[in-house]
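Understanding the architecture of this molecule
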Amino acid sequence: MLIKIPKYGTSYYLITSETRVEIEAKIVDLRSGALLWEGKAQATSAENNQQSQGGLAGLLIAAVVQQVVGTAADVAFDYSGIATDRALGAPRYNGILPGPRSPKAWQVQP
């Protein structure tokens with residue numbers, strides 16, 4: 001399995017910030033080099049942001065708080081787990097199918 005991470009981290013703008021993690025994954029047969037599966041996914045803090053009703057002052061205060069929290073802890077780490085689950089998780093569209101020992105494995109009825 002090859003995983004590429006084109007974007008990881010937080011970008012700060014004038015009155016807001018955004019944490020974004022993007023991943024691209026693929027599974028390649030090592031003997032033949034054939035591509036068996038590939039997928040992409042992303043997770044971003046903008047999915048959770050709500051519009052502030054506090055006007056410009058409220059937006060500035062929220063931006064400062066987001067920057068302090070983002071600097072104190074690596075919040076991109078949390079979003080990397082979400083992006084990984086979206087790319088590799090089954091039974092999502094184009095996700096990797098669960099293996100035979102997975103509790104999510106499809107059971108064949110005789």
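Look a little higher up for the structure.
Description of the structure in this document. (Residues numbered from 1 in each chain as written. Predicted model: local features only at pLDDT ≥ 70, side-chain atom pairs only at ≥ 80, totals over all residues. Heavy atoms only, no water.)

1. Details of the pattern of salt bridges
Applied cut-off: Any carboxyl oxygen of Asp or Glu that lies within 4 Å of a side-chain nitrogen of Lys or Arg is treated as forming a salt bridge with it. The classification of residues rests on relative accessible area computed with a 1.4 Å probe and restricted to protein chains. Under 20% of the type maximum is buried, over 50% is exposed, and intermediate values are partly exposed.
A full pass over the atoms with the stated rule returns two salt bridges. One salt bridge connects R20 with E18, and the closest N-O pair in it is separated by 2.9 Å. For R20, a relative accessible area of 22% translates into the label partly exposed. Two residues, R20 and E22, come together in a salt bridge whose shortest N-O distance is 3.5 Å.

2. Remarks on the nonpolar core
The tendency in soluble globular proteins is for nonpolar side chains to be buried side by side. Filter applied, for reference: Residues grouped as a nonpolar core are buried Ala, Val, Leu, Ile, Met, Phe, Trp, Tyr and Cys residues, joined through side-chain atoms within 4.5 Å. For helices the rule is a DSSP run of H or I covering at least 4 residues; for strands it is a run of E covering at least 2, with both sets numbered from the N terminus onward. Only heavy atoms enter the contact rule, under which two residues are in contact if any of them lie within 4.5 Å.
In this structure, V21, I23, A41, A43, A76, Y79, A83 and A87 together form the largest nonpolar core, which totals eight residues. When residues of this core are traced back to their parent elements, those giving at least two are strand 2 (17–28), strand 3 (35–44) and helix 2 (76–88). Setting aside anything within four residues of it in sequence, one finds A76 in contact with Y8, G9, T19 and V21.

3. Brief notes about the pairing of strand 2
Rule in force here: Paired strands, in this sense, are two strands between which DSSP finds at least two bridges.
Note that strand 1 (residues 2–12) and strand 2 share nine bridges and pair antiparallel. By the bridge assignment for strand 2, I3 is matched with A25. Bridge analysis of strand 2 against strand 3 gives nine bridges, and the strand direction is antiparallel. Bridging across to strand 3, E24 finds its partner in K40. In sequence, strand 2 turns back onto strand 3 through a hairpin of six residues, with G33 there showing a positive phi of about 80°.

4. Quick word on helix 2
Defined as follows: Helix span is expected to be 1.5 Å times the residue number reduced by one. The directions from the helix axis to the C-beta atoms are what the arc is built from.
Helix length check: helix 2 (13 residues) gives 18 Å between terminal C-alpha atoms against 18 Å at 1.5 Å per residue, within 8%. Taken together, the buried positions of helix 2 are A76, Y79, S80, A83 and A87. Down the axis of helix 2, the smallest arc covering the buried residues is 110°, so these residues share one side. Opposite the buried face of helix 2, at more than 90 degrees from it, the exposed residues are F77 and D78. Each element contacted by the buried residues of helix 2 is listed here: strand 1, strand 2 and strand 3.

5. Quick word on a nonpolar patch on the surface
Quick reminder of the rule: In this analysis, a patch consists of residues with relative accessible area above 30% that form no salt bridge, clustered at 9 Å for like charges and at 5 Å for the nonpolar side chains Val, Leu, Ile, Met, Phe, Trp and Tyr. Only the protein chains shown count as cover for residues, with accessible areas throughout obtained via the Shrake-Rupley method and a probe of 1.4 Å.
Together, M1, I3, I5, Y8 and F77 make up an exposed nonpolar region whose accessible area comes to about 560 Å². The dominant element in the nonpolar patch, judged by the number of residues it contributes, is strand 1, at three residues. Mapped onto the fold, F77 is located in helix 2. Given the relative accessible area of 58%, F77 is considered exposed.

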